[in-house]
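# Geometric and topological summary
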Amino acid sequence: MKQTGITASGLKYAEICPGFSNDSDGDTVAADEGKLLHKACETGDLTGLTDEQKEQVEKCLGFIAPMVAGADRDLREQEMRVPIINRRGIVDRLIIKNRTAYAIDWKFGRNPVDDAEINNQGQAYALALLKGMPDIERVVVLFVSPRCNDISKGEFTQADVPRLETRIMTILARRAAVFEEAREDLLNPTDEICRYCGNRGTCPALYSKALVVAQNYADTQLDIPPKFHPSTWTTPEEHSIGRRLALVLEKWVESVKSHNLQFVMDAGQTIPGFEMKTKSGKREIRDTLAAYAALKDDLTVEEFLAACGPVSMTKLEEAVAARAKRGEKSKRKEALYERLTDMGILETGRDVYYLARVRG
Ligand code: SF4
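Note that the coordinates shown come from a computational prediction; the quantities given were computed from them, not determined experimentally. (Residues numbered from 1 in each chain as written. Predicted model: local features only at pLDDT ≥ 70, side-chain atom pairs only at ≥ 80, totals over all residues. Heavy atoms only, no water.)

### Comments concerning a nonpolar patch on the surface
Where nonpolar side chains cluster on the molecular surface, the patch consists of Tyr 217, Trp 252 and Val 253 and spans about 250 Å² of accessible area. Within the secondary structure, Tyr 217 is located in helix H7 (residues 204-217). (Patch = residues over 30% accessible without salt bridge, like charges linked within 9 Å, V, L, I, M, F, W, Y side chains within 5 Å. Areas by Shrake-Rupley, 256 points an atom, 1.4 Å probe, with all protein chains shown as cover. Salt bridge = Lys/Arg side-chain N within 4 Å of Asp/Glu carboxyl O. Helix = DSSP H or I, 4+ residues; strand = E, 2+ residues; numbered from the N terminus.)

So this is what it looks like as structure tokens:
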């Protein structure tokens, strides 16, 4: 398992499971949006944001406007050093007033964050400010979450410093036990964090959970690969055992999804942590000629055909073959293929490779 450095925002995950590591291959859509909105909060420039995003930024700026009035200092994107983990932390807005530091952090997610009183990141920032700015008597951490309509507040003074330090030191000590002493018993697989963990492909604790599922779900006795991570398999037999195990787990995942949906839809139950959502069904026009007739005053034929999208080669071949005489179907299909290829309008996608189960 790989060990990545701990940031103030990563302390929460490392506290839940000391083996947690950042996933560098993870989805960055939410993080990218967060950066964009933070920048807008910093500069006040909302250019390029959607109406919904502008609304969130305006809520944030509206919240701090009265606090800024009469402030001794008003700092944006204030960098500081978080003690013990010795990492850089950035407070989105730091307002100093009468020996109180207001550390404001924008949270643009759609799920509420932990309360500022107990939030690891907030406590790390409070510690950094209390240790780094001796003239400060009190730190007020404020998490402003406009999409959750929530503002969470935590207050800290010098008297809190020892307990804040102890909490971070405990996290680091447990982490050292996992990575330096191989204490796998400290790993704590939970769905809340394992899906974001860069070690989920190699984690023995997660592997053990998956094995229990697979063993109970398989119709026949399953062989188990001696080592968990597929990159460590060297023989054809290990790859074959791993693929069989993956088939069972894939089936189990599909079964969970379908039974859970039934449980909610048919039995009218709710499942904690999940809610029912719907996606609109696919809209499709079945009669192309009728659609063109309806639109010919609004669109040129070229515009209409461009909106129709790519033509299926398989369907064209079937249409041509249907008009061909017996025994000439293949020849007509080949001629069609050659003609379209010569015209340079037929694009062939890359072949897709997959492993199919051999029966018997
Ligand atoms: S996969 Fe889960 S249990 Fe394993 S190290 Fe990561 S967070 Fe911990």
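### A look at the state of the cysteines
Throughout this description, disulfide means a covalent bond between two cysteine sulfur atoms. Here the structure, examined in full by the defined rule, presents zero disulfides. Its sulfur unpaired, Cys 60 is 4.3 Å from the next cysteine sulfur, which belongs to Cys 41. (Disulfide = S-S within 2.5 Å.)

### Concerning the site of the ligand
Within the structure, the ligand sits among Cys 17, Gly 19, Asn 188, Pro 189, Ile 193, Cys 194, Cys 197, Arg 200, Cys 203 and Leu 206. In this structure the site holding the ligand corresponds to the largest cavity. Of the residues in the shell around the ligand, the class split is seven nonpolar, two polar and one charged. (Near = heavy atom within 4 Å. 1 Å grid on protein atoms, 1.4 Å probe; cavity = no way out; pocket = protein on both sides within 12 Å on 5 of 7 lines; lining within 4 Å. Sits in = over half its atoms within 2 Å of the grid points. Nonpolar A, V, L, I, M, F, W, Y, C, P; charged D, E, K, R; others polar.)

### Quick notes on the packing of aromatic side chains
The full count for this structure, using the stated rule, is three aromatic pairs. Their ring planes at 10 degrees and their centres at 6.2 Å tell us that Tyr 13 and Tyr 196 sit as a pair that is stacked. Of this pair, Tyr 13 sits in helix H1 (residues 11-16) while Tyr 196 sits in the loop between helix H6 (191-194) and H7, placing them 183 residues apart in sequence. Every member of this aromatic cluster is reached through a ring pair, and the members are Tyr 13, Phe 20 and Tyr 196. (Phe/Tyr/Trp six-rings, centres within 6.5 Å; stacked < 30°, edge-to-face > 60°.)

### Things to note about the pattern of salt bridges
Within this structure, the stated rule accounts for 22 salt bridges. The residue Arg 243 makes a salt bridge to Glu 250 at a minimum N-O spacing of 4.0 Å. Given a relative accessible area of 32%, Arg 243 falls into the partly exposed group. With a shortest N-O distance of 3.6 Å, Glu 275 and Lys 277 are connected by a salt bridge. With a relative accessible area of 60%, Glu 275 lands in the exposed category. Taken together, the shared-partner salt bridges in this structure form one network comprising Glu 33, Glu 52, Arg 110 and Arg 147. (Buried < 20%, exposed > 50% of the residue type's maximum accessible area, 1.4 Å probe, protein only.)

### Brief notes about the domain arrangement of the protein
In many reports, interface size means the accessible area that the parts give up when they come together. Structurally, the protein comprises domain 1 (11-181), domain 2 (201-265) and domain 3 (288-342). A separation of 58 Å is found between the C-alpha centroids of domain 1 and domain 3. (Domains from an automatic or database assignment.)

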